[in-house]
Structures are given as C-alpha cells and as structure tokens.
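The chain contents come next:
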Amino acid sequence: MLSLLSSLGVSSIITVDVHKPEAFRIANTQCINIEPFELYANRLKGVENVVLLSPDIGSLWRVRKVSEYLGVPFSYLEKFRDRVTGEVTMKPKELDVAGKEVFIIDDIIATGGTIIEATKILKSLGATRVHAIATHCLLLNMADSRMFETGVSSITCSNTIPTRYSEVNVNQLILNVVRGLIT
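Procedures and definitions
- The written sequence of each chain sets the order in which its residues are numbered from 1.
- With pLDDT at 70 or above as the cut-off, local features in this predicted model cover only qualifying residues; side-chain atom pairs require 80 or more to be listed or tallied, and sums for whole chains, interfaces and linings still use all residues.
- Note: side-chain values were computed over all heavy atoms of the structure, leaving out hydrogens and water.
- Note on geometry: axes are C-alpha line fits, over the in-contact stretch for helices, and angles between N-to-C directions span 0 to 180 degrees.
- A run of H or I in DSSP counts as a helix once it spans at least four residues, and a run of E counts as a strand once it spans at least two, with each numbered from the N terminus.
- Should an angle fall under 35 degrees it is taken as roughly parallel, and over 145 as roughly antiparallel, whereas 65 to 115 is taken as roughly perpendicular and any remaining angle as oblique.
- Contacts are residue-level and defined by heavy atoms, with any inter-residue pair within 4.5 Å sufficient.
- Residue type decides the class: Asp, Glu, Lys and Arg count as charged, Ala, Val, Leu, Ile, Met, Phe, Trp, Tyr, Cys and Pro as nonpolar, and the leftover types, Gly among them, as polar.
- Only protein chains enter the area calculation, which uses a 1.4 Å probe; residues under 20% of their type maximum are buried, those over 50% are exposed, and those in between are partly exposed.
- Strand pairing is defined by DSSP finding a minimum of two bridges between the two strands.
- Candidate patch residues must exceed 30% relative accessible area and have no salt bridge, after which like charges are joined if within 9 Å and Val, Leu, Ile, Met, Phe, Trp or Tyr side chains if within 5 Å.
- Here the accessible surface of atoms and residues is derived via Shrake-Rupley with a 1.4 Å probe, and residues count as covered only by protein chains that are part of the display.
- By definition, a salt bridge exists where a carboxyl oxygen of Asp or Glu is found within 4 Å of a side-chain nitrogen of Lys or Arg.
- When the centres of two rings from Phe, Tyr and Trp lie within 6.5 Å, Trp using its six-membered ring, the rings pair. Their planes under 30 degrees apart give stacked, over 60 give edge-to-face, and anything left gives tilted.

Novice: In this structure, what is going on with the packing of helix H4 (residues 113-124) against helix H5 (residues 143-150)? I would like to understand it.
Specialist: When two helices pack together, their arrangement is given by the angle between the helix axes and the distance between those axes. With their axes 9 Å apart at the nearest point, H4 and H5 run at an angle of 5° to one another. Comparing their axes, H5 and H4 come out roughly parallel. Contacts from Ile115, Ile116, Thr119 and Lys120 of H4 reach H5 at Arg146, Met147 and Thr150. Taken together, the residues that form the contact of H4 with H5 break down as 3 nonpolar, 2 polar and 2 charged.

Novice: Where do I start with the pairing of strand S3 (residues 50-54) in this structure?
Specialist: Here is the key point about a regular strand: its side chains alternate between the two faces of the sheet. In terms of burial, S3 is largely enclosed, as 5 of its 5 residues are buried. Burial along S3 is two-sided: the face carrying Val50, Leu52 and Ser54 and the face carrying Val51 and Leu53 are both buried. Both S3 and strand S7 (residues 101-109) contribute to a ladder of 4 bridges, which runs parallel. Paired with Val50 across the two strands is Glu101, which belongs to S7. Inspection of the sheet shows S3 paired to strand S4 (residues 74-76) by 3 bridges, in the parallel sense. Paired with Leu53 across the two strands is Ser75, which belongs to S4.

Novice: Looking at this model, I keep getting lost on a nonpolar patch on the surface. Mind explaining?
Specialist: A cluster of nonpolar side chains, namely Ile14, Val178, Leu181 and Ile182, defines an oily patch on the protein surface of about 320 Å² accessible area. For the nonpolar patch, the element with the highest residue contribution is helix H6 (residues 171-182), accounting for 3 residues. Mapped onto the fold, Ile182 is located in helix H6.

Novice: When you look at the packing of aromatic side chains in this model, what are you seeing that I'm missing?
Specialist: The description of two aromatic rings rests on the distance between their centres and on the angle between their planes. Following the criterion strictly, the structure yields 3 aromatic pairs and no others. Arranged with centres 6.1 Å apart and planes meeting at 55°, the rings of Phe148 and Tyr165 form a pair that is tilted. Of this pair, Phe148 sits in helix H5 while Tyr165 sits in the loop between strand S9 (152-158) and strand S10 (166-168); the two residues are 17 residues apart in sequence, bridging distant segments of the chain. By relative accessible area, which is 33% here, Phe148 ends up partly exposed. Exposure remark for Tyr165: the relative accessible area of 11% places this residue in the buried category. An aromatic cluster of three or more residues is present, and its members are Phe37, Tyr40 and Trp61.

Right under this line is the structure:
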C-alpha cells in the first residue's frame, strides 16, 4: 500500500498509532505516526498505585512511552494467538500487581479477547482494578459488555473510531501535524 501511494505521488502519510510503525521503514514517502501517549498519561495523572501493562511484547513500546511521562512501573504479558482459531492464550510474567490498579494499553480493541484474557490473569494475581486504554476501539460483537463481565473497570478510547468510550481527543494532534506540513 505504501508503494502504491508513493507511486501515485503522495508526499506524506499521516497515521494515528499505527499497529506496526516499522512498516514505514520501506516507504519512499514521508510517514508520520501520531502517538497519543501523552494524552493517556494526562488522564492517569493523580491515580495512585498504578501499573501499566502491555498485553503483549508488540505494544510494550507504547506502554513504555506512557510510563516515561508518568514515572510508573510497566510490564507486559506473553501472548500467543492460534492462527487457525484466533484463540488467545497468555502466560503471565512476574508481575507485582497485587493491590494495584492496572491499565492495559494497546493500539486496538477488536473483539476484546486479549483484554479479557489479560484481565483474568491480572485479577488472579490480585489486581484491584483493571482498565483498558486503546487508540482504536472497534468493539466487535459486544466486546465491551464481555470485557465488563470479566471484570474490566473502564474502557478508554480515542476518537479515531467514535464510540461511547471515545474520551481521548486526538484532533489537535492531527491538526498540528497537518499545519506543520503545509507551512
């Protein structure tokens, strides 16, 4: 897709929290990935006893960036997805979440399976509350209801896909990038 856009003369591509930013390395076009992580950190300021968690190693860089803004601990779960059935299993790392509020940060929530499995593990390890934060919330097949039934305390999403959980507005971040490109 990047090659096609480049061949059509596209000079810049703007994304918001793209799933795999390393894909931009092959592009001959300027690629700008907007990261809403400071906005997430601002929402978490003042919350005590926090642990940030990536549901897998692939999103660890997102959690690390939010952690840098807040100065709070972070970790990840080892996630395995069956390529045929789509079933997600997770292996807990050595996490100290007992008595803590855990915020799972990811780029997308589609079916909620990853968040549901992570919540089960975190609750079994003594987490008091588990919150989900994601940039893009598809919430397919009533994923939000299933997440809440499992024990998720809150879902926070950006407004890239409007839902009732779209509490993080990325419009200004996009506007700043566009202004920078046209001036």
